[in-house]
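Overview (structure and organization)
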Amino acid sequence: MRIADMLVGGRPTVSFEFMAPRDESEVDALEKTIAALAGHAPDWVSVTYRKATGDKTLELVTRIKRQYHIEAMAHLTCANTADETRRILNWMEREGVANVLALRGDPPGPGAPFQPTDPQLMHGSDLVSLIRGSGYRFGIGAACSAEKHPESPDLDHELRYMQLKVESGADFLITQLFFDNRFYFDLVRRASESGVELPIVPGLMPVPSRRSLAFMTSMAGATVPAGLESEIAAAADDEAVRAAGVRHCIAQCVELLEAGVPGLHFYTFNRARAPMEILAALRGQQLLTA
Ligand code: FAD
């Protein structure tokens, strides 16, 4: 089923992002996480893509669909040539993948430039165009930033290229992580004023650890509000950091649900505990149905 159709169903969807395993040592933990979170009946899930582990992404997406009967979206980036990309898309189509998240892909590290593989695939919008223009019937998601993307000069630049993704054929958007809902509300308002009416799903990260927070905020360009920053600074140990992250994420979700968001998308980092605690709190407040 197309995710875009679920997002206009009148009830906020719950979705989880899993990271494709980089090697065998990550497989067990990921399998346990998927099994645990599948038990919480997500509306859909997604699996990240890296060129080196592309086969794992595709294997995982098709297996989640078959084994758990959950709609699973494959991420795909501009890491391949246009011809290789079409071969991957053909394979996905044959295997029954219904939704693709079309991305440019991460640069090699914070501050480093993105290395294109094919001049036809320089940006997320190019991949959206390739998929739509080649006649595939996938539902297409694309990324956007609630705060300024680290490579963007300003938010207008960001908005212009977000519009291009929509014009190129994206059906819905998922934001990069953010910790202050004002950025998301501002993005939705600015998008609507410029004629973008597609569902924009907020991407949420319960802080996994101090180290991951530092890395992710530098890659994503997200800022940490002073209140959360001081809670994390004062946390006695990793468990206290995690608990502060969960509390903050619950407060974000409550406000987002009350504002009528189309869904909540959780960056899980392949850990089930934080999303499970957040969902339990939201269901306890009757903000989500069980
Ligand atoms: P783009 O849209 O290409 O944007 C990158 C920068 O270029 C922005 O500053 C934008 O404003 C600018 N820009 C866009 N189009 C143009 C244009 N035509 N001309 C000039 N400037 C332009 N990365 C992975 O490697 N694998 C994953 O699986 C993955 N999953 C993700 C899932 C989500 C929900 C999100 C939000 C991000 C994910 N990422 C992933 C990270 C993503 O690849 C990076 O955030 C990347 O920096 C931006 O991707 P994009 O598709 O938005 O790029």
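What counts as what
Residues numbered from 1 in each chain as written. Predicted model: local features only at pLDDT ≥ 70, side-chain atom pairs only at ≥ 80, totals over all residues. Heavy atoms only, no water. Near = heavy atom within 4 Å. Polar contact = N/O pair within 3.5 Å; in protein donor to acceptor, adjacent residues only side chain to side chain. Helix = DSSP H or I, 4+ residues; strand = E, 2+ residues; numbered from the N terminus. Phe/Tyr/Trp six-rings, centres within 6.5 Å; stacked < 30°, edge-to-face > 60°. Buried < 20%, exposed > 50% of the residue type's maximum accessible area, 1.4 Å probe, protein only. Core = buried A, V, L, I, M, F, W, Y, C linked by side-chain atoms within 4.5 Å. Contact = heavy atoms within 4.5 Å. Pairing = 2+ DSSP bridges. Axes fitted to C-alpha atoms, helices over the stretch in contact; angles between N-to-C directions. Parallel < 35°, antiparallel > 145°, perpendicular 65-115°, else oblique. Left-handed = near helix turned anticlockwise from the far one by under 90°. Nonpolar A, V, L, I, M, F, W, Y, C, P; charged D, E, K, R; others polar.

Neighbouring the ligand are 25 residues, the closest being R50, H123, H149, S152 and K165. Within the backbone of R104, a nitrogen or oxygen atom sits 2.8 Å from an oxygen atom of the ligand. In the model, an oxygen atom of the ligand is placed 3.5 Å from a nitrogen or oxygen of the H157 side chain. Among the elements of the structure, α6 (155-168) and β6 (172-175) are those that each provide at least two residues to the shell around the ligand.

The next thing to look at is the packing of aromatic side chains. Across all of its chains, the model carries five aromatic pairs by this definition. Here the aromatic rings of W44 and F172 are separated by 6.1 Å at their centres, their planes lie at 70°, and the arrangement is edge-to-face. You can see W44 sitting in strand β2 (residues 44-47) and its partner F172 sitting in strand β6, a full 128 residues away along the chain. A single burial state applies to W44 and to F172, both of which are buried. Taken together, the aromatic side chains of F178, Y184 and F185 make up a single cluster linked through ring pairs.

Attention now goes to the nonpolar core. What tends to happen in soluble globular proteins is that the nonpolar side chains get buried as a cluster. Counting residues in hydrophobic clusters, the biggest one holds 67 residues, and the most contacted among them are I64, L89, M92, I131, M162, L264 and F266. The greatest single-element share of this core, amounting to seven residues, is contributed by helix α10 (residues 238-258). The residues touching I64, leaving out its near neighbours within four places in the chain, are F18, I34, V45, V47, H69, I70 and A72. L7, I174, L177 and V207 belong to the second-largest nonpolar core, a separate cluster that totals 24 residues.

On to the side chain of R104. Along the chain, the position of R104 falls in the loop between β4 (99-102) and α5 (124-133). Within the structure, the side chain of R104 is placed 2.8 Å from the side chain of E151, a separation counted as a polar contact. The residues touching R104, leaving out its near neighbours within four places in the chain, are T77, C78, F114, M122, H123, G124, H149 and E151.

Next up on the list: the pairing of strand β9 (residues 263-267). Counting buried positions along β9 yields five of five residues, so the element is predominantly enclosed. Alternating positions in β9 separate into two faces, G263, H265 and Y267 on one and L264 and F266 on the other, with burial throughout. Across five bridges, the pairing between strand β1 (residues 13-18) and β9 is parallel. Bridge pairing links E17 to Y267 in β9.

The subject of this paragraph is the sheet that holds strand β5 (residues 139-144). Within a sheet, neighbouring strands are paired by backbone hydrogen bonds and run either parallel or antiparallel to one another. Within the open sheet, the nine strands sit side by side as β7-β6-β5-β4-β3-β2-β1-β9-β8. Their pairing is parallel. In this open sheet, the two strands that pair with only one neighbour each are β7 (200-201) and β8 (203-204). Both β1 and β2 contribute to a ladder of four bridges, which runs parallel. Bridging from a neighbouring strand, F16 pairs with V45 of β2.

Quick look at the packing of helix α3 (residues 54-68) against helix α4 (residues 82-95) now. Packed helices, taken two at a time, are described by the angle between their axes plus the distance between the axes. Where α3 contacts α4, the two axes come as close as 11 Å, and the packing angle between them is 15°. Put simply, α3 runs roughly parallel to α4. Crossing angle aside, the handedness with which α3 passes α4 is right-handed. Each of L58, T62 and R66 in α3 lies in contact with α4, whose residues at this interface are I88, W91, M92 and E95. Split by residue class, the contact of α3 with α4 holds four nonpolar, one polar and two charged.

With respect to the helices, strands and loops of the structure, R182 is situated in helix α7 (residues 181-193). Along the backbone, R182 and I70 are 112 residues apart, and their C-alpha atoms lie at a distance of 31 Å. Here the side chain of R182 touches D180 through a polar contact of 2.7 Å, side chain to side chain.

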